[in-house]
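If you want the building blocks of each chain, they are given just below.
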Amino acid sequence: MSGQAVWHVLGAGSLGTLWTCRLRRAGLGVRLILRGAESLASYEREGGLTLTERSLSQQWPVPAETAEDGLPIERLLVACKAYDARSAVLALAHRLAPDADVVVLQNGLGSQDEVASSLPGRRCIYASSTEGAFRPQPWHSEFAGQGHTWLGDPANPVPPPWLADLGRAGIPHQWTPDILGRLWRKLALNCAINPLTVLHDCRNGELTQHVCEVAGLCAELTELLECCGQPEAASELYSEVLRVIQATARNYSSMHQDVSHGRRTEIHYLLGYACAAAARHGLHLPHVLHLRERLAEKLRACGLPSD
Ligand code: NAD
Ligand code: KPL
């Protein structure tokens, strides 16, 4: 694939908009793929995507289309939520060029394999990001937290030539041969922090009042990671969780924000994935299981999907 292929971004939400605007700002070819005709009409009325960074907002008139329109896709960034990724990709599978590369940017684990197994023969690159963005209004993303994105392909350690595009676009990134380790580590951090912030209805920092609960979860998550062949991701998990809690003390976790805005959570791809992996290995993780049950109950009480 040439270094000049157009980026197609599926999912114009917080992170998809952040990536799209930076690619466009660097002069790279980028197009949005929107949910359907209604969404496309709303976007066209708006006139473009707006990115706010360090209090400065700029609108970028990025061309957009729906899955049905358009030319073959050579490079696709999937920036939907984990529970939407597979169906969104399937809707445009017919447009993917035979040598297309697909970058999957979801949190948690499970959606990456769902996408990869839906697209046999296409290279799927998994990404794990600590950047933060939120959507104050439709077609607008606010860059809220500097971070880093790791990319890797569990099936092929050779980096793709288009990584240079990310450098040009100022997207801090690194290729890693151990992307699964990165994804597992982030999953464990998110499982240890995010559900408790929902259950205690608190900011991350307030979890210092619940360190016994955090420690119990970290011990079980460490056992799980080791059992799943991820000893590096398991190493010093508890101290890393405490460090993240301190470093993000004033923040509400992403799951807390989802619940407080009445949005579906990615529980299935976080605690759901952890519990399924534990069951496969015959591991009994009572704290993790109980946490999933309590969270599911709370989500049901809020009228949200519990899986
Ligand atoms: P978001 O909800 O803001 O955006 C998702 C977008 O996908 C929405 O605009 C939605 O309409 C769109 N979408 C869903 N189905 C679609 C379809 N079939 N066709 C076209 N568009 C479709 O989500 P987000 O916050 O950008 O998160 C995306 C992923 O990145 C999640 O897995 C999240 O956990 C992860 N992540 C987010 C952040 C962040 O700061 N926002 C940071 C790290 C990781
Ligand atoms: O990634 C996060 C999230 O909120 O999803 C952490 C690191 C836990 C910070 O809250």
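Procedures and definitions
- Numbering of residues starts from 1 in every chain and runs along the sequence as written.
- Key to labels: chains lettered from A, ligands numbered from 1, both in the order written.
- Only residues with pLDDT of 70 or above have their local features reported here, since the model is predicted, and side-chain atom pairs are shown and tallied only from 80 upward, although totals for entire chains, interfaces and linings are computed over all residues.
- Hydrogens are left out, water is left out, and the side-chain values use all remaining heavy atoms of the structure.
- By the criteria applied, helices consist of DSSP H or I runs no shorter than four residues and strands consist of E runs no shorter than two, each listed in order from the N terminus.
- Any two residues having at least one pair of non-hydrogen atoms within 4.5 Å are treated as being in contact.
- Note on classification: 1.4 Å probe, protein chains only; a residue is buried when its accessible area is under 20% of the maximum for its type, exposed when over 50%, partly exposed between these limits.
- Centres within 6.5 Å make a pair out of two Phe, Tyr or Trp rings, where for Trp the six-membered ring is used; the pair is then stacked when the planes are under 30 degrees apart, edge-to-face when over 60, and tilted otherwise.
- By definition here, a salt bridge exists when the distance from a side-chain nitrogen of Lys or Arg to a carboxyl oxygen of Asp or Glu is within 4 Å.
- Distance and chemistry together define a polar contact, namely a pair of N or O atoms within 3.5 Å, with one atom able to donate a hydrogen and the other to accept it when in protein, and with adjacent residues in sequence counting only for side-chain atoms on both sides.
- Strand pairing is defined by DSSP finding a minimum of two bridges between the two strands.
- In this analysis, axes come from line fits to C-alpha atoms, helices being fitted only over the stretch in contact, and the angle between any two N-to-C directions falls in the range 0 to 180 degrees.
- Any residue outside Ala, Val, Leu, Ile, Met, Phe, Trp, Tyr, Cys, Pro, Asp, Glu, Lys and Arg is labelled polar, Gly included; the first ten of those are nonpolar and the last four are charged.
- Here, proximity means that at least one heavy atom of the residue falls within 4 Å of the molecule or strand.
- Only the protein chains shown count as covering a residue, and every accessible area follows the Shrake-Rupley method with a 1.4 Å probe.
- Consider the strands pointing away from the viewer: the crossover is right-handed when the path from the first strand over the helix to the second runs clockwise.
- Domain boundaries shown here were taken from an automatic or database domain assignment.
- When two parts are put together, the accessible area they lose, computed with a 1.4 Å probe and summed over both, is reported as buried area.

Participant: Looking at this model, I keep getting lost on the side chain of Glu53. Mind explaining?
Facilitator: With respect to the element layout, Glu53 can be found in strand S3 (residues 49-53). Not counting residues up to four positions away in its chain, the partners in contact with Glu53 are Arg25 and Phe143.

Participant: Can you help me understand unusual backbone geometry in this one?
Facilitator: Negative phi values dominate among residues other than glycine, just as trans dominates among peptide bonds. Backbone geometry places Arg54, a non-glycine residue, at a positive phi of 45°. Phi is positive for Ser55, close to 65°, though the residue is something other than glycine. Structurally, the position occupied by Ser55 is in the loop between S3 and strand S4 (56-60). You can call Ser55 exposed: its relative accessible area is 71%.

Participant: Would you explain the packing of aromatic side chains in this entry?
Facilitator: Geometry of an aromatic ring pair is reported as the spacing of the ring centres plus the angle between the planes. Under the defined criterion, the tally for this structure stands at 3 aromatic pairs. Consider the rings of Trp7 and Trp162, whose centres lie 5.2 Å apart with planes at 80°: the pair is edge-to-face. Residue Trp7 is located in strand S1 (residues 7-10), and its partner Trp162 is located in the loop between strand S11 (149-152) and helix H5 (163-168); the two are separated by 155 residues in the primary sequence. Comparing Trp7 with Trp162, the two get one shared label, buried. Look at Tyr43 and Trp139: their rings are 5.1 Å apart centre to centre, the planes differ by 70°, and that puts the pair in the edge-to-face class.

Participant: What is the right way to look at the pattern of salt bridges in this model?
Facilitator: When charged atoms on two side chains of opposite charge get close, those side chains can pair. If you walk through the whole model with that rule in mind, you get 11 salt bridges. Glu240 is the partner of Arg243 in a salt bridge, and the nearest nitrogen-oxygen pair spans 3.2 Å. Here Arg243 pairs with Glu240, and both are found in helix H9 (residues 237-247), just 3 residues apart, close to one helical turn. On the basis of relative accessibility, which here comes to 21%, the residue Glu240 falls in the partly exposed class. Between Arg263 and Asp258 there is a salt bridge, with its nearest N and O atoms 3.0 Å apart.

Participant: Help me understand the side chain of Ser129, please; the structure alone is not making it clear to me.
Facilitator: Topologically, Ser129 is positioned in strand S8 (residues 123-129). Within the structure, Ser129 has its side chain in polar contact with the backbone nitrogen of Glu131 (distance 3.1 Å). When residues no more than four places from it in sequence are discounted, the contact partners of Ser129 are Leu105, His148, Thr149 and Lys186.

Participant: Where do I start with the pairing of S4 in this structure?
Facilitator: Regular strands place side chains that alternate from one sheet face to the opposite one. When S3 meets S4, the two strands line up antiparallel, connected through 5 bridges. By the bridge assignment, Thr52 is partnered in S4 with Ser57. Taking the residues between adjacent antiparallel strands as the criterion, S3 and S4 are bridged by 2 residues, where Arg54 takes a positive phi near 45°.

Participant: Where do I start with the packing of helix H7 (residues 211-227) against helix H12 (residues 286-301) in this structure?
Facilitator: Pairs of packed helices are described in terms of their axes, by the angle between the two and the distance that separates them. Running from N to C, H7 and H12 point in directions that differ by 115°, and their axes come no closer than 8 Å. Between H7 and H12, the contacting residues are Glu213, Gly216, Leu217, Glu220 and Leu221 on the first element and Pro286, His287, Val288, Leu291 and Arg294 on the second. In terms of residue class, the contact of H7 with H12 is built from 5 nonpolar, 2 polar and 3 charged.

Participant: What should I look at first to understand the site of ligand 2 in this one?
Facilitator: Neighbouring ligand 2 are Lys186, Asn190, Ile193, Asn194, Asn204, Val244, Ser253 and Ser254. Taking Ser254, its side chain carries an N or O atom lying 2.5 Å from an oxygen atom of ligand 2. Taking 280 Å² as the accessible area of ligand 2 by itself, protein coverage stands at 81%. With 4 residues, helix H6 (residues 179-199) is the largest single contributor of residues to the shell around ligand 2. For the shell around ligand 2, a count of residues per class yields 2 nonpolar, 5 polar and 1 charged.

Participant: How do you make sense of the pairing of strand S2 (residues 30-34) when you look at a structure like this?
Facilitator: Burial analysis of S2 places 4 of its 5 residues in the buried class, which makes it a mostly covered element. Two strands pair when backbone bridges link them, and S1 and S2 are joined in this way by 4 bridges, in the parallel orientation. Note on S2: the bridge partner recorded for Val9 is Leu32. In this view, the connection linking S1 to its parallel neighbour S2 by way of helix H1 (residues 14-25) has right-handed handedness. Pairing of S2 with strand S5 (residues 64-66), which is carried by 3 bridges, proceeds in the parallel orientation.

Participant: Please clarify how the domain arrangement of the protein chain should be interpreted in this entry.
Facilitator: By a widespread convention, an interface's size corresponds to the accessible area lost as its parts come together. Split by domain assignment, the protein chain resolves into domain 1 (7-177) and domain 2 (181-301). Relative placement of domain 1 and domain 2: their C-alpha centres are 26 Å apart. With 18 residues of domain 1 at the interface, the matching set in domain 2 holds 13 residues. The junction of domain 1 with domain 2 conceals about 1600 Å² of combined surface from both sides, 59% of it contributed by carbon and sulfur atoms. Taken as a group, Tyr83, Asn107 and Leu109 account for 46% of the area that domain 1 buries against domain 2, more than any other trio of residues on that side.

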